[in-house]
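Examining the three-dimensional arrangement
Given next are the chains, with one letter for each unit.
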Amino acid sequence: MTARTLALTACMLAVCASAFADQIVFKNGDKLTGKITTMEGGKMKVATAVAGDVTVDIKDIATFSTDAPIAIYTNSGKEMNVQAATAEADQIKAGDEIIAVASIAKINPPAQKWTGTLVVNGELVRGNTNSETLGIAAEAVLRRKTDTLNDRTTLDAGYNFGRQRDKATGAQNTTTDNWLAGAKYDKFFNEKLYGYGLIKAEHDRIADLNLRLSPGVGLGYQWIETPALSFNTEAGLSYVIEDYIHGDDDNHIGFRLAYHLKKQLNESVGLFHNVEWVPAFEDPGDYNFVADVGIHADLTKSMFSEFKIELKRDSTPSEGSLKNDLRYVLGIGWKF
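Moving on, we get to the overall build of the chain. Within the chain one finds one helix and 23 strands. Sorting the 336 residues of the chain into buried and exposed places 34% on the buried side. Working note: accessible area of the chain is about 19,200 Å², and carbon and sulfur atoms make up 60% of it. Where the 35 positive side-chain charges of the chain centre and where its 44 negative ones centre are 7 Å apart.

What follows is the structure in structure tokens.
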């Protein structure tokens, strides 16, 4: 081997060593050398020269060090951009400060961006029954946690349409025609408590509802917020404006109670459950209630299937309309 080849090889090894110079020390004494890329939800991702990207549980890490500053976010809400050095078991030295490994919530979190889903469901029947149904629902969420911002913006919308041909007359009868749209802003005062403002608009021609508009404000509490589990509760006031196509209109102030639950069962399958109840102050028997429960399963990195049961109840509907609307929905979705 020539001197030139030896020098080139030495340079390449030096580059590799500098690119993968972070070190993780596990509680069992094992060590992993690589480049810590990110950590969230109790999982640390490490890029290694030999094994590629490796994911490890933070609960198995005794300490770690980095060769360059990293962005560390603690469970208490503290943020720092420092170089980490090894310390005693279950601790690291972050700059001049000693912190517990278990207190770290995130490392190098990804840039804040919109995430969301688009779900489509439909049915086409031909034969003794001739019918078509189509439904589409979309949700987009922007969650920001920076030095100056701690908030969440949620936008959602949906439309459902269905019709059936009368076998005797051949006439087309509309069986479903409704849409909804909403916007909500959550401003966090600390890691758990937040204030919110929202507005929702709904239309349901079959239920004789021309428009239900319900702006509201209140307080929420984020009990837990991780990729595996998220749960929050909310309480506040809503002003409900109901404009019926044929019935009498109804405007009232209501007390709003709601909760939202998401649980990831494994890397591909998750559950969700949402409830919202808005009774009128003057007459609690006059209320609107919405609840759903469902399961989604990833088909690819961006595609998923979803099944949910949805219940909507208007305790004082227009004359001739039913109080309850119950839907069983199976759809295919795309997430971004």
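With that settled, consider the nonpolar core. By size, the foremost hydrophobic cluster in this structure holds 22 residues, and its most contacted members are Ile24, Met44, Phe64, Ile72, Ile92 and Ile107. With three residues, strand E2 (residues 31-40) is the largest single contributor of residues to this core. Residues contacting phenylalanine 64, with those up to four places away along its chain left out, are Gln23, Ile24, Ile36, Met44, Ile70, Ala84, Ala85, Thr86, Ile92, Ile104 and Ile107.

A separate point is the sheet that holds strand E18 (residues 229-244). Reading around the circumference, E12-E13-E14-E15-E16-E17-E18-E19-E20-E21-E22-E23 is the order of the 12 strands in this closed barrel, with antiparallel pairing throughout. Within this sheet the neighbouring strands show an average axis-to-axis angle of 20 degrees, counted without direction.

One can find aspartate 186 in strand E15 (residues 172-188). One polar contact links aspartate 186 to lysine 184, side chain to side chain, over a distance of 2.6 Å. Discounting chain neighbours no more than four positions away, the residues touching aspartate 186 are Asn150, Asp151, Arg152, Tyr194, Gly195, Tyr196 and Glu234.

Turning next to the sheet that holds strand E10 (residues 97-100). One open sheet holds the three strands; their spatial order is E8-E9-E10, and the pairing between them is antiparallel. Here the strands that pair on one side only, and so sit at the sheet edges, are strand E8 (84-86) and E10. For this sheet the average axis-to-axis angle between neighbouring strands, irrespective of direction, equals 40 degrees. The sheet contact formed by strand E9 (residues 91-94) and E10 spans four bridges and is antiparallel. Pairing of alanine 94 across the sheet is with glutamate 97, part of E10.

Quick notes on the rules
Residues numbered from 1 in each chain as written. Predicted model: local features only at pLDDT ≥ 70, side-chain atom pairs only at ≥ 80, totals over all residues. Heavy atoms only, no water. Helix = DSSP H or I, 4+ residues; strand = E, 2+ residues; numbered from the N terminus. Buried < 20%, exposed > 50% of the residue type's maximum accessible area, 1.4 Å probe, protein only. Areas by Shrake-Rupley, 256 points an atom, 1.4 Å probe, with all protein chains shown as cover. Lys, Arg positive; Asp, Glu negative; His and termini not counted. Charge placed at Lys NZ, Arg CZ, Asp CG, Glu CD. Core = buried A, V, L, I, M, F, W, Y, C linked by side-chain atoms within 4.5 Å. Contact = heavy atoms within 4.5 Å. Pairing = 2+ DSSP bridges. Axes fitted to C-alpha atoms, helices over the stretch in contact; angles between N-to-C directions. Polar contact = N/O pair within 3.5 Å; in protein donor to acceptor, adjacent residues only side chain to side chain.

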